[in-house]
Amino acid sequence: MPRSLVVVLLLVLSASVVSGQSRPIPSPESVLGFAPGTDRQLPTWQQVTDYFTALDQASPRVSLRILGKTVLGKSFLAAFISDPATLANLEQYRTIQRKLADPRLRGAGELDQLIAEGKNVILITSSIHSTEVGGFLTPLLLADRLALAATDEARSILANTIVMLVPSLNPDGVDIVGDWYRATLGTPAEGSGPPTLYHYYTGHDNNRDWYAFTQPETRYTVDSLYTPWNPQIVNDIHQQGRNAGRLFIPPYMDPVEPNIDPILTAGTNALGMAISWRLTADGKRGVATNASYDQWSPARQYSLNHRGVRILTETASARLASPVEIPFDRLGTGRGYDAKVASWNFPSPWPGGQWGIGDIVDYQTSASWALLVEAARDRTGWLTSYAALGDRALAADHPWRADDNVPAAYVIPKAQADGQALHRLIWTLQHGQVEVHETRGPVTVEGKAYPAGSYLVPTRQMFGGYANALLERQQYPNLREYPGGPPKAPYDVTAHTLPLLFGVEVAAVHGATPEAGGPIDEVAEPRYTVPGLSDRTGKRIGIYQSWSASMDEGWTRWVFDVNRIQYTSVHDRDVRAGNLNSRFDVLIIPDQRARQIANGLGPNSPDSLQGGLGDDGAAALKAFVEEGGTILFFNSATAYGIDVLDLPVRNVLDSLKRSEFYAPGSLLAVEVNHNQRIAQGYTAPVPAVWFGNSPAFEATDSSRVRVVARYQAVGDPLLSGWLLGGEKLNGKAALVEVTVGKGRAVLFGFRPQYRGQSMATQSFIWDAIGQSVVP
């Protein structure tokens, strides 16, 4: 046993003896040194690990597993919690769960026995977003309460349930945020977020990775918890802003992703309302339902696409672990309710007052406990509806979808211009439990023949709805704030069509499903390579990293790292120092607002982090490009580039209102000029760009501007998602290259490496870098 654990166990033993009575298991306080919910106290990840390790040693109801190492090398934990007899026979219960999920594995007449013997499998995940610090602590209290088994409710949960508890989906962030918080206590920066991303690559976007599987933490959760178990219920613990309701619980707002089985939507609604009822009866005020959050994208709704009801809880935040005072008259509105007015979905407004980490932990723990109690009371009902989902998935009429707009299958030819993109598509589908087959004979779709041996994805399979969601083009509903009013913003984005994002040809087959063999073996994870750049040292590339941290910057680093392309992170002071041509050939400014780039962090931040590029940085960038350098500006950062480099380009969408033009994360068609040197590697069969409140360009001096990609001259360019005012884009440029002195600026009016997913447009980056030395 490691010496550090021995020390922890000795401290636990001494702290657990109170007035001569021994506590059967270690308390969280005995390991942390403070009670969870104490103002201005946050644990380190080592302390969290020590607590669960001690609990595993002391309790027969807890079994701790280390699923792997995070990006920064920390242990990723999952605790299985149930009664001792269940934990001793987990494999038996996993077999029952698999048979309940898949009717192909069940014998005739076996279902009733499986339901009688099976357990509710519930996954609880926490603190994926590390500034939501209550999630560092709530799992400890839940584990303590279950391990003690001191109440009838706890014993009922343990008897009927297998709880898989993930203390943090982002252990690295526990220390990134916690270390920053402790270092800034008593300073003007107390309670602020850190100046770096709290996930090394993704920041807040780590909760948008649930179908792309780019990060190891996502994969551990999917590979070790979802795929082996496919839990009936998932409780995802989050926090929200502080000035409206105290807690959100489903039902979600519209829209509902059309490929989610209505059983799961109804189950989510019923369980969420039961939790709200219980909390309100227990005196919890400020609980909102049917508000703020929608049920659309599989990027954050993985469980609803994989047989699991998803109970998202969003508790009001403080200033990290520092309390705030919120008078009642300062409470505002959430989407779908007013925090000062009682309504059907917000029946008991909070009266205002002090709000702190103790309140956050109390609300979170109460909501999760109510979920566990309600699920345990109706174990049979949950298992019965769970089994029905499998039968419906295999039904010929696709009862999991309200309309009949479901193809029989998708055919994917193996002869593709981008073999890496094809490989990634097949790997991504299989990683989400989609079965991929090969056609036995040729298949003709809309007059085009695809040869025998092509990949085939039938929609009549266990996760056919999930496959359809990723392969079809999204038609997001035209929702308005009120009749005739402005568009009602989605919670996140509106499109997730993998063939368009990856640049792979896929054809929907209607009618009979083509004959095919059994599911193919899983393909290996792709190894990405960019010819001329991967594993080379020739190009001197700098990626700008603002202290006002940008998620797009993190994704840019991930794309470079996964392709093994060398770069240097460049901070404000590096740019302001000038003489950039001596160090770099290419600079990349990821998606970020111009004001953030120019001004950076404000006066409440430490002196060394204040300010952005400022006038000195702008002058240095202009000198760099005029002397032969290349700068790539992504999406919103193009406004900064146009300004500081005085480019002969304007954003034609700059002054439009949302009622005139709106595109909140959609895939749009473009026309690519392959004669331009930075378009020569682009191969997508359907040219598309990821457009999320992006710019569109018009040249004011065409002699200096080369248009690489533009929108069609007439018609609506929408391919997938939601677009209002598409005619405003007609004939405008999406990607331009501008001469500046001896160098050039490349303006991307989209995110070419969007969340690591827009693989099709990454070639524009590589070609722009490859052409970075101008003769």
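All chains use their own residue numbering, which begins from 1 and follows the written sequence. In keeping with the model being predicted, local features are shown solely for residues with a pLDDT of at least 70 and side-chain atom pairs are shown and tallied solely at 80 or more, while totals for entire chains, interfaces and linings include all residues. The basis for every side-chain value is the complete set of heavy atoms in the structure, and neither hydrogens nor water enter the calculation.

Undergrad: Could you clarify how one ought to interpret the overall build of the protein in this entry?
TA: By definition, any uninterrupted DSSP run of H or I lasting at least four residues is a helix, any uninterrupted run of E lasting at least two residues is a strand, and each is numbered from the N terminus. Each helix and strand in the protein was counted, giving 22 helices and 35 strands. Here the C-alpha radius of gyration of the protein, 27 Å, is about what a compact globule of 775 residues would show, namely 28 Å. For the protein, the C-alpha atoms occupy an extent of roughly 85 × 70 × 60 Å along the three principal directions. The 775 residues of the protein split such that 61% are buried. Contacts: residue pairs with any heavy atoms within 4.5 Å of one another. Residue pairs at least 24 apart in sequence account for 79% of intrachain contacts in the protein once pairs closer than 6 positions are excluded. In these tables, accessible area is a Shrake-Rupley quantity obtained with a 1.4 Å probe, and a residue counts as shielded only by the protein chains included in the view. Accessible surface computed for the protein: about 28200 Å², of which carbon and sulfur atoms make up 49%. For the protein, the separation between the mean place of its 67 positive charges and that of its 76 negative charges on side chains is 2 Å. As a reference, a globule follows 2.2 Å times the number of residues to the power 0.38, and the radius of gyration itself is taken over C-alpha atoms. Burial classes follow relative accessibility: with a 1.4 Å probe on protein chains only, a residue under 20% of its type's maximum area counts as buried, one over 50% as exposed, and anything between as partly exposed. Positive: Lys, Arg. Negative: Asp, Glu. His and the chain ends are not part of the count. For this purpose, a charge sits on NZ of Lys, CZ of Arg, CG of Asp or CD of Glu.

Undergrad: Which parts of the structure should I look at to understand the sheet that holds strand β30 (residues 688-692)?
TA: Hydrogen bonding along the main chain pairs the strands of a sheet, whether they run parallel or antiparallel. We treat two strands as partners when DSSP finds at least two bridges between them. In spatial order, the strands read β30-β28-β33; together these three strands make up an open sheet with antiparallel pairing. Every other strand in the sheet has two partners, leaving β30 and β33 (718-720) as the edge strands with one partner each. Adjacent strand axes in the sheet meet at a mean angle of 45° when their direction is disregarded. Of the strand pairs in this sheet, strand β28 (residues 664-669) and β30 are connected by five bridges, and their pairing is antiparallel. Paired with Ser666 across the two strands is Phe691, which belongs to β30. Axis definition: a line fit to C-alpha positions, over the contact stretch in the case of helices; interaxial angles, taken between N-to-C directions, run 0 to 180 degrees.

Undergrad: What is the right way to read the environment of Glu525 from this model?
TA: Counting through the fold element by element, Glu525 comes out in the loop between β22 (507-509) and β23 (541-544). Distance from Glu525 to His431, taken between C-alpha atoms, is 9.4 Å for residues 94 residues apart in sequence. If we skip the residues at most four places from it in the chain, Glu525 touches Arg219, His423 and Trp427.

Undergrad: What exactly am I supposed to notice about the pairing of strand β6 (residues 161-166) here?
TA: Within a regular beta strand, the side chains point alternately toward one face of the sheet and then the other, so they alternate between its two faces. Within β6, six of the six residues are buried, which leaves the element mostly enclosed by the surrounding structure. Residues Thr161, Val163 and Leu165 of β6 are buried on one face, and the alternating residues Ile162, Met164 and Val166, pointing to the opposite face, are buried as well. In terms of strand pairing, strand β4 (residues 75-81) meets β6 through three bridges, oriented antiparallel. Residue Phe80 lies in a different strand from β6, and its bridge partner there is Met164. As defined by bridge partners, strand β5 (residues 120-126) adjoins β6 across six bridges and the pair is classed as parallel. By the bridge assignment, Ile124 is partnered in β6 with Leu165.

Undergrad: What's the story with the pairing of strand β3 (residues 62-69) in this structure? I'm lost.
TA: Where β3 meets β4, seven bridges bridge the pair, whose relative direction is antiparallel. Each bridged residue has a counterpart across the sheet, and for Arg65 the counterpart in β4 is Ala78. The antiparallel pairing of β3 with β4 creates a hairpin that spans five residues between the two strands, and Gly73 there sits at a positive phi of about 90°.

Undergrad: What's the story with the environment of Ser63 in this structure? I'm lost.
TA: With respect to the helices and strands, the residue Ser63 is situated in strand β3. Judged by its relative accessible area of 24%, Ser63 falls in the partly exposed class. Spatially, the C-alpha atom of Ser63 lies 27 Å from that of Ile275, the residues being 212 residues apart in sequence. Aside from chain neighbours lying at most four places away, what touches Ser63 is Asp56, Ala78, Ala79, Phe80 and Leu87.

Undergrad: Could you clarify how one ought to interpret the packing of aromatic side chains in this entry?
TA: What describes a pair of aromatic rings is the distance from one ring centre to the other and the angle between the planes of the rings. Stacked, edge-to-face and tilted are the three classes for Phe, Tyr and Trp ring pairs, Trp counted by its six-membered ring, which pair at centre distances within 6.5 Å; planes under 30 degrees apart are stacked, over 60 edge-to-face, the rest tilted. Inspection of the entire model under this criterion finds 29 aromatic pairs. Consider the rings of Trp355 and Tyr363, whose centres lie 5.2 Å apart with planes at 70°: the pair is edge-to-face. On the basis of relative accessibility, which here comes to 1%, the residue Trp355 falls in the buried class. You can call Tyr363 buried: its relative accessible area is 7%. For the ring pair Phe634 and Phe748, a centre distance of 5.0 Å and an interplane angle of 85° mean the geometry is edge-to-face. Of this pair, Phe634 sits in strand β26 (residues 630-634) while Phe748 sits in strand β35 (residues 743-748), and the two are 114 residues apart along the sequence. According to the relative accessible area criterion, Phe634 is buried, its value standing at 0%. Within the aromatic cluster, the residues linked to one another by ring pairs are Trp210, Phe213, Tyr226, Tyr302, Trp427 and Tyr466. A ring is scored as having a charge over it whenever the NZ atom of a lysine or the CZ atom of an arginine sits within 6 Å of its centre and within 35 degrees of its normal. Between Lys414 and the ring centre of Tyr455, over which it is positioned, the NZ or CZ distance is 4.9 Å. Above the plane of the ring of Tyr662 lies Arg658, whose end atom (NZ or CZ) is 5.0 Å from the centre.

Undergrad: Would you mind going over the sheet that holds strand β12 (residues 309-316) with me for this structure?
TA: Pairing within the open sheet is mixed, and its eight strands lie in the order β3-β4-β6-β5-β7-β12-β8-β10. Each of the sheet's edge strands pairs with one partner strand only, and the pair in question is β3 and β10 (287-288).

Undergrad: Can you walk me through the nonpolar core in this structure?
TA: In globular proteins that are soluble, nonpolar side chains generally tend to be buried together. If you look at the biggest cluster of nonpolar residues, it comprises 81 residues, and the most contacted ones within it are Phe52, Ile81, Ile275 and Leu372. Not counting chain neighbours up to four residues away, the residues in contact with Leu372 comprise Ile122, Ile124, Leu146, Ile157 and Val163. By nonpolar core is meant a set of buried Ala, Val, Leu, Ile, Met, Phe, Trp, Tyr and Cys residues that side-chain atoms within 4.5 Å join together. Core analysis: the second largest hydrophobic core is formed by 67 residues, Leu67, Phe80, Val121 and Leu501 among them.

Undergrad: Help me understand empty space enclosed by the protein, please; the structure alone is not making it clear to me.
TA: Empty space left among the atoms is revealed by rolling a probe the size of a water molecule over them. Any residue with an atom within 4 Å of a point lines the site, the site being either a cavity, points on a 1 Å grid over the protein atoms alone where a 1.4 Å probe fits but cannot get out, or a pocket, an open set with protein on both sides within 12 Å along at least 5 of 7 lines. Grid points are joined across faces, edges and corners, and a volume is the space filled by probe spheres set on the points. Applying the stated rule across the entire model yields six cavities of 30 Å³ or more. In this structure, the largest cavity encloses a volume near 160 Å³. Around the largest cavity, the lining comprises 17 residues; the ones closest to its centre are Asn259, Asp261, Asn305, Arg307 and Met462. At the level of elements, α13 (379-393) and α15 (464-471) are the ones that each hand at least two residues to the lining of the largest cavity. In terms of residue count, α15 provides more of the lining of the largest cavity than any other element does, three residues in total. Taken together, the residues of the lining of the largest cavity sort by class into nine nonpolar, six polar and two charged. Taken as a whole, the second largest cavity spans an internal volume of roughly 100 Å³. Lining the second largest cavity are 13 residues, and of these Thr125, Trp210, Tyr226, Val234 and Asp236 sit closest to its centre. Classifying every residue of the lining of the second largest cavity gives six nonpolar, four polar and three charged. Under the grouping applied here, Gly and all other residues not named as nonpolar or charged are polar, the nonpolar ones being Ala, Val, Leu, Ile, Met, Phe, Trp, Tyr, Cys and Pro and the charged ones Asp, Glu, Lys and Arg.

Undergrad: How should the layout of surface pockets be read in this particular structure?
TA: Space inside the second largest pocket adds up to approximately 600 Å³. Looking at the second largest pocket, it is lined by 27 residues, and the ones nearest its centre are Tyr410, Leu471, Glu472, Arg473 and Ala508. Listing elements by their share of the lining of the second largest pocket, those giving two or more residues are α16 (498-502) and β22. Here the lining of the second largest pocket is composed, by residue class, of 15 nonpolar, six polar and six charged.

Undergrad: Teacher, can you tell me more about helix α17 (residues 551-562) here?
TA: For an α-helix, 3.6 residues make a turn, and residues three or four places apart therefore share a direction. Spanning 12 residues, α17 covers 16 Å between terminal C-alpha atoms, matching the ideal 16 Å at 1.5 Å per step. Of all the positions in α17, only Asp552, Glu553, Gly554, Trp555, Thr556, Arg557, Trp558, Val559 and Phe560 are classed as buried. Those residues of α17 hidden inside the fold are in contact with β23, β24 (568-570), β25 (586-589), β26 and α22 (762-770). As used in this structure description, the phrase polar contact means that two N or O atoms lie within 3.5 Å; if the pair is within protein, one of them must be able to donate a hydrogen and the other to accept it, and residues adjacent in sequence are counted only when both atoms belong to side chains. Structurally, the start of α17 carries an N-cap: the backbone nitrogen of Asp552 is 3.2 Å from a side-chain oxygen of Ser550. A positive phi of about 60° marks Arg564, the residue just after α17. Each residue after the first adds 1.5 Å to the expected span of a helix.

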